[in-house]
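# Report on the structure
What follows is the residue order along each chain.
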Amino acid sequence: MNNRIRVLVAKLGLDGHDRGAKVVARILRDAGMEVIYTGIFQTTEMIVRTVIEEDADVLGLSILSGAHLHFAEEICKALRE
């Protein structure tokens, strides 16, 4: 039985600066977690669908936008539904 924590690291929005997300993903993987990195330019819908499909335990978002609170609330609402 695999009981490793499954973490989805997602880069939301149009910003292509993903070095930090990749560093975090590598650190988590080195710590023994299973990490799924979605890549850049993800939408809210794409992230929510991937969280569900991958059965992730944790979602890590990278958002370099002033709208980060709006997007985080939107994702939380969609995941609750």
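Residues numbered from 1 in each chain as written. Predicted model: local features only at pLDDT ≥ 70, side-chain atom pairs only at ≥ 80, totals over all residues. Heavy atoms only, no water.

### As for the packing of helix 2 (residues 44-54) against helix 3 (residues 68-80)
Between two packed helices, both the angle of their axes relative to each other and the distance between the axes serve to describe the pair. The condition is simple: Between N-to-C directions, angles cover 0 to 180 degrees, with each direction set by a line fitted to C-alpha atoms, over the stretch in contact for helices. Secondary structure elements are taken from DSSP: a helix is a run of H or I of four residues or more, a strand is a run of E of two residues or more, and numbering for both begins at the N terminus. Convention used here: angles under 35 degrees read as roughly parallel, angles over 145 as roughly antiparallel, angles from 65 to 115 as roughly perpendicular, and any remaining angle as oblique. Here a crossing is called left-handed whenever its near helix is offset anticlockwise from the far helix by less than a right angle, and right-handed whenever the offset is clockwise. Only heavy atoms enter the contact rule, under which two residues are in contact if any of them lie within 4.5 Å. Only Asp, Glu, Lys and Arg are considered charged in this grouping, and only Ala, Val, Leu, Ile, Met, Phe, Trp, Tyr, Cys and Pro are considered nonpolar; every other residue, Gly among them, is considered polar.
Relative to each other, helix 2 and helix 3 sit at 40 degrees, their axes nearing to 10 Å. Judged on the interaxial angle alone, helix 3 and helix 2 are oblique. Taken as a pair, helix 2 and helix 3 cross one another with a handedness that is right-handed. Together, T44, I47, V48 and V51 of helix 2 and F71, E74, I75, A78 and L79 of helix 3 make up the contact between the two elements. Of the residues belonging to the contact of helix 2 with helix 3, the class tally is seven nonpolar, one polar and one charged.

### Remarks on the pairing of strand 2 (residues 34-37)
Rules: Pairs of strands are assigned from DSSP output, requiring at least two bridges between the strands. When the strands point away from the viewer, a crossover counts as right-handed if the route from the first strand across the helix to the second turns clockwise.
Relative to strand 2, strand 1 (residues 6-11) is paired through four bridges, and the arrangement is parallel. Within strand 2, the residue paired with V9 across the bridge is Y37. The parallel pair strand 1 and strand 2 is bridged by helix 1 (residues 19-30), and the resulting crossover is right-handed.

### Comments concerning the pattern of salt bridges
For the record, the criterion: Put simply, a salt bridge is a Lys or Arg side-chain nitrogen that is within 4 Å of an Asp or Glu carboxyl oxygen. Three labels apply to residues, based on accessible area from a 1.4 Å probe with only protein chains included: buried if under 20% of the type maximum, exposed if over 50%, partly exposed otherwise in between.
Following the criterion strictly, the structure yields four salt bridges and no others. Among the salt bridges present, the one from E54 reaches R6, with a minimum N-O distance of 2.7 Å. A residue pair is termed long-range when its members are at least 10 positions apart, and E54 in helix 2 and R6 in strand 1 qualify at 48 residues. In this structure, the salt-bridge partner of D18 is K22, at a minimum N-O distance of 3.4 Å. With relative accessibility at 15%, the residue D18 sits in the buried group. A single salt-bridge network, built from bridges that share partners, covers R4, R6, E34 and E54.

The quantities given are spatial measurements derived from coordinates; they are silent on function.
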